[in-house]
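# Coordinate analysis (summary)
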Amino acid sequence: MKNINTPVNNLRLHWGNIFGIVMIHILALAAIPFFNWHALIVCGVLFFIISPVGVTLTYHRLLSHRSFKVPQWLEYTLVTFGAFSGQGPVLIWVAEHRLHHRFSDTRNDPHSARHGGFWWSHVTHLFYHKDFEDNEKEWSRYIPDLTCHKYYHVLSKYNFLVAFSLAPILYFMGGMPFVMWGIFMRIALMLHVTWFVNSATHRFGYRNFDTKDDSSNVWWVALLAAGEGWHNNHHAQSNCAAHGRMWWEFDLTWQLIKGLEALGLATDVKRPVAVYKVQECEIDNSIEVKEDEFGNDFIGKHQEEYLPEAIIA
Ligand SMILES: [Zn+2]
Ligand SMILES: [Zn+2]
């Protein structure tokens, strides 16, 4: 695979992203004087629906890792829902995330905390152009299963319109307080929660698996991001639909996926192959990490032959 230039070495400011991120924070601060309890509830309800269903279940586990399948009509519906998150074009979101897993914590990782530090991995990497992002041919190579859908190109092109499309409905329901809290405050909070999965869970927390990267499990990120904080588990077997592995590692998104499966809407759900606590076992660092066609790696599978006792939640 061709090497992709690290964004750290290519510091060209991305004024579009800078403007968008600064504006969403200014508008989130501007929401404070509009506070009322109903607006806060609207913000909370939209946050706790769009974040688990749109971002973690759909953008991450369904699209990025193909950890389960749903009928095409439902996938389109869920991805539309994800576009309410205001997290940019879905095609870039998924391509960048697959790249992150492919090159985790190396110089080719789009947001390596090891090389750029906490704030780089959290947000400032977005302030710079990345070579692969500017080159459609380049990022398309990572997402052939998505680029063949015209609908995802349309959603990506008009992602801002979709993100703000709830505004007229909210205005009709509760005026400006609902718009300011239900759109701007909620999008800003959701961005930081998603960004913590790139930053905090590559810097703090504990590890169940001796993965090649610095990924870790952070309980408060797991709570805020519907299970995504069990990030070390995720890097160990990235195509697994369940991120929580130990009994205390509650994973709301996994519960939602199991719900879809019970309804017959989710099929081919990838389950944990094995779970081991690193400190209880000998890890052979020479274990080769294999990948599937979506770039998912499988540490756990390869540990299985060495460590027979599984602790599967
Ligand atoms: Zn990661
Ligand atoms: Zn992932």
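Just so it is clear, the structure is predicted and the values come from calculations on it, not from any experiment. (Residues numbered from 1 in each chain as written. Chains lettered and ligands numbered in written order. Predicted model: local features only at pLDDT ≥ 70, side-chain atom pairs only at ≥ 80, totals over all residues.)

## Points about the overall build of the protein chain
Scanning the protein chain for helices and strands turns up 16 helices and zero strands. Buried positions account for 45% of the 313 residues belonging to the protein chain. (Helix = DSSP H or I, 4+ residues; strand = E, 2+ residues; numbered from the N terminus. Buried ≥ 20, exposed ≤ 12 C-beta atoms within 10 Å, placed from the backbone.)

## Regarding the nonpolar core
V90, V94, W181, V221 and A225 are the most contacted members of the largest nonpolar core, which totals 60 residues. At the level of secondary structure, the elements contributing two or more residues to this core comprise α2 (37-64), α3 (72-83), α4 (90-102), α10 (150-157), α12 (167-198), α13 (219-224) and α15 (252-262). Residue contributions to this core peak at 14 residues, all from α12. If we skip the residues at most four places from it in the chain, V90 touches Y59, V79, G82, A83, Y152, L155 and S156. (Core = buried A, V, L, I, M, F, W, Y, C linked by C-beta atoms within 7 Å. Contact = placed C-beta atoms within 7 Å.)

## Remarks on unusual backbone geometry
Although it is not a glycine, R66 adopts a positive phi angle of roughly 50°. Checked against the element boundaries, R66 lands in the loop between α2 and α3. Residue classification places R66 among the partly exposed positions, given that 17 C-beta atoms sit within 10 Å. Of note, D268 is a non-glycine position whose phi angle comes to about 50°, a positive value. If you trace the backbone, D268 turns up in the loop between α15 and α16 (299-304).

## Quick notes on α3
Its 12 residues place the ends of α3 17 Å apart at the C-alpha level, agreeing with the 16 Å of an ideal helix rising 1.5 Å per residue. Of all the residues in α3, the buried ones are V79, G82 and A83. The arc that holds every buried residue of α3, seen down its axis, measures 100°, which confines them to one face. (Expected span 1.5 Å × (residues − 1). Arc of directions from axis to C-beta.)

## Brief notes about the environment of V70
Tracing the backbone shows V70 in the loop between α2 and α3. Residue V70 is classed as buried on the basis of its 20 C-beta neighbours within 10 Å. Sequence separation between V70 and G264 is 194 residues, and the spatial gap between their C-alpha atoms is 9.0 Å.

## Structural notes on the environment of H243
Inspection of the secondary structure assignment puts H243 in the loop between α14 (231-236) and α15. For the pair formed by H243 and G227, sequence separation is 16 residues and the distance between their alpha carbons is 6.5 Å.

## A word on the packing of α2 against α3
Across the interface, α2 lies against α3 with an axial gap of 8 Å and an inter-helix angle of 120°. On the basis of their axis angle, the class for α2 and α3 is oblique. For the element pair α2 and α3, the recorded crossing hand is left-handed. Taken together, the residues of α3 that come into contact with α2 (itself represented by I50, V53, G54, V55, T58, Y59, L62 and L63) are E75, L78, V79, F81 and G82. Its residues assigned to classes, the contact of α2 with α3 comprises nine nonpolar, three polar and one charged. (Axes fitted to C-alpha atoms, helices over the stretch in contact; angles between N-to-C directions. Parallel < 35°, antiparallel > 145°, perpendicular 65-115°, else oblique. Left-handed = near helix turned anticlockwise from the far one by under 90°. Nonpolar A, V, L, I, M, F, W, Y, C, P; charged D, E, K, R; others polar.)

## Points about the packing of α2 against α12
Contact geometry of α2 with α12 gives a least axis separation of 8 Å together with a crossing angle of 45°. The orientation of α2 relative to α12 falls into the category oblique. Crossing of α2 over α12 shows right-handed handedness. Contacts between α2 and α12 involve H38, A39, L40, V42, C43, L46, F47, I50, S51 and V55 from the first element and L170, G174, P177, F178, W181, G182, M185, R186, L189, M190, V193 and T194 from the second. Looking at side-chain class alone, the contact of α2 with α12 contains 16 nonpolar, five polar and one charged residues.

## A look at the environment of C43
Residue position: C43 is located in helix α2. Given 23 C-beta atoms within 10 Å, C43 falls into the buried group. In this structure, the C-alpha to C-alpha distance between C43 and L189, residues 146 residues apart in sequence, is 9.6 Å. In this structure C43 touches W181, G182, M185 and R186, once residues within four positions along its chain are discounted.

## Observations regarding the confidence of the model for the protein chain
Where the model shows low pLDDT, its predicted coordinates should not be examined in detail. On average, residues of the protein chain score 85 in pLDDT, and 84% of them reach the 70 mark or higher. Counting interchain partners and residues more than four positions distant, the pLDDT-below-50 stretch residues 298-313 has 38 contacts. (pLDDT = per-residue confidence, 0-100.)

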